[in-house]
Amino acid sequence: MKTLLELALVLAAAAALLSVYRLIKGPEAFSRAVALDVLTLITMPMMAGLALWVRRSIYLDVALVYAVLSFLGVMALARYADRGV
Amino acid sequence: MNVDILTLMNLVDLLICLVVLVSAIGVAVHRNLLAAVVFAGVASLAVSYLFLRLAAPDVAMTEAAIGAGLSTVIFLIAVRKTRETEDGS
């Protein structure tokens, strides 16, 4: 069970690297914003898996707070793309 | 003290550290300030995961609140009120 969780975390980190490729390569700033959103979506399950790995439920709260606040950041970027903050 | 280096969790930490390094270089290099703001958000995200990995959930939560939520929005407002690209000096 623990090895399976570690393998899942390694695969999620590899997926984060793939999205970092889009972050570097992205032709304009807003494709980079999409890469930021994808990285958030990858890191949240990594935090939840870490909570399961160390068996401490306080780590889930961090993932929750991060989900809400990064949504705020990406929403601000999208509003900037539309008509400026 | 016998510390095992090559575990799977250390591989995950190494990959996340690579993300931090790449995004920090991106913040330093890019002339487009909007892209630099996005790179700073990614660096804050990865550092927050590393804080969590180092068994400091309160620091990770503060980093998530300040780095991802607050500073991205404030930097965006600042970029909008000034100009979008940095002059090559």
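Structure report, in brief.

Cut-offs used in this document
Residues numbered from 1 in each chain as written. Chains lettered and ligands numbered in written order. Predicted model: local features only at pLDDT ≥ 70, side-chain atom pairs only at ≥ 80, totals over all residues. Heavy atoms only, no water. Contact = heavy atoms within 4.5 Å. Buried area = accessible area lost by both parts, 1.4 Å probe. Salt bridge = Lys/Arg side-chain N within 4 Å of Asp/Glu carboxyl O. Polar contact = N/O pair within 3.5 Å; in protein donor to acceptor, adjacent residues only side chain to side chain. Helix = DSSP H or I, 4+ residues; strand = E, 2+ residues; numbered from the N terminus. Nonpolar A, V, L, I, M, F, W, Y, C, P; charged D, E, K, R; others polar.

All right, on to the interface of chain B and chain A then. With 38 residues of chain B in contact, the opposing surface of chain A contributes 37 residues. Summed over both partners, the interface of chain B with chain A comes to about 3500 Å²; 86% of that surface belongs to carbon and sulfur atoms. Where chain B meets chain A, there are zero salt bridges. Between the two partners, chain B and chain A, sit one residue pair in polar contact (both at pLDDT 80 or more). Secondary structure elements with two or more residues in the side of chain B that touches chain A: α1 (8-29), α2 (33-53) and α3 (57-81) of chain B. The element that contributes the greatest number of residues to the side of chain B that touches chain A is α3(B), accounting for 13 residues. For the side of chain B that touches chain A, the residue count by class is 28 nonpolar, seven polar and three charged.

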